[in-house]
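# Coordinate analysis (summary)
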Amino acid sequence: MALQLTPLHPLFAAEVQGIDLRETPGPELCAEIDRAMDQYAVLVFRDQRIDDDQQMAFGEALGPLEGSRATVDMHKHRLKHNRMADISNLDTDGNLLAADDRRRMFNLGNQLWHSDSSFKATPAKYSMLHGRVVPPEGGETEVADMRAAWDALPEKTKAALRDLVTEHSLIFSRASMGFDEYTEEEKQAFAPVRQRLVRYHPGSDRHSIYLSSHIGQVLGMPRPEAMMMIRNLTEFATQRQFVYSHKWRQWDLLMWDNRTTMHRARPFEDHKYPRDMRRVTLTDVAPTLEQRLAA
């Protein structure tokens, strides 16, 4: 059965009806979801009352999951599955994180525009974020269409960007907000990796700008010049016409393609309201430098 899709934005993003993710989708339905992701890049599944096992099974049906999470204090993990990312403001006992908790300080970086796992040699494909508990106001997730942003660039700019290579690290993104306290193990885990600045997306036969707050250098450019170029590109690519803002309802599952979008969380009163989000993340097929730039 074909998916029932309702567009949510003039450029991308759609709501999916008629699917109950408590039942793991089979190959034909997964292929339909992939085709919808190729077109829309963002899908919203409403009222999905799934548990951790069911969310993991949905992710695994679509492809290989990332083998590890990336955060500080890795040993403080409250969820059942080690490969499921805890995108919440809760400690291991389910209480609100203290205002000065190191994990809270680090997680504030989720409010920066980024692409999940761009700091890994092989970055992320899809992210599937499930809203178990949502605050009464604030805490939206904004997603920007990097294909539409690329299409809108002048041809001269496209030519200048096409072959550039960047370095990504969690250390770079957190440094921009003043977080710089890491263990030696974390420094090694967060060592910079190289990524293409421009990517080709075979499913839609389109190019996109591979931007992220995790970028800290462009190879072959003086760092101040490189970072100003990245800042200007980010400002251009996150203009309102390129952005879908998702206002969460409990049990929403929001899925986006990290190859063709950037996203960020919006602030909420995290000292007052719990926000329990759980993310399953698919890994891409190869490092971006090993992927082709055109059809």
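First, a word on what this report is: a plain description of the structure on this page.

The rules behind each value
Residues numbered from 1 in each chain as written. Predicted model: local features only at pLDDT ≥ 70, side-chain atom pairs only at ≥ 80, totals over all residues. Heavy atoms only, no water. Pairing = 2+ DSSP bridges. Helix = DSSP H or I, 4+ residues; strand = E, 2+ residues; numbered from the N terminus. Axes fitted to C-alpha atoms, helices over the stretch in contact; angles between N-to-C directions. Salt bridge = Lys/Arg side-chain N within 4 Å of Asp/Glu carboxyl O. Buried < 20%, exposed > 50% of the residue type's maximum accessible area, 1.4 Å probe, protein only.

## Observations concerning the sheet that holds strand S14 (residues 261-265)
- Strand order in the open sheet made by the three strands is S12-S6-S14, with antiparallel pairing throughout. In the strand order of this sheet, the two ends are held by strand S12 (243-246) and S14, each with one partner. The mean inter-strand angle of the sheet, taken between neighbouring strand axes irrespective of direction, is 20°.

## So, unusual backbone geometry
- One non-glycine residue, Ala-13, lies in the positive phi region at around 75°.
- With respect to the helices and strands, Ala-13 occurs in the loop between strand S1 (4-7) and strand S2 (14-17).
- Unlike most non-glycine residues, Asp-205 shows phi in positive territory, near 55°.
- With respect to the secondary-structure elements, Asp-205 resides in the loop between strand S9 (198-201) and strand S10 (206-209).

## What to know about the pattern of salt bridges
- Under the counting rule described, the total for this entry stands at 27 salt bridges.
- Close ionic contact of Arg-78 with Asp-276 constitutes a salt bridge, the shortest N to O distance being 2.8 Å. In this pair, Arg-78 sits in the loop between helix H2 (52-62) and strand S4 (85-88) while Asp-276 sits in strand S15 (residues 276-283), placing the two residues 198 residues apart along the sequence.
- We note a salt bridge from Arg-199 to Asp-284, for which the minimum N-O separation is 2.7 Å. Here Asp-284 lies in the segment after S15 and Arg-199 lies in strand S9, a separation of 85 residues in the sequence.
- The buried category is assigned to Arg-199, whose relative accessible area is 4%.
- Ionic contacts of the salt-bridge type, sharing partners, join the residues Asp-52, Arg-78, Asp-86, Arg-132, Asp-276 and Arg-278 into one network.

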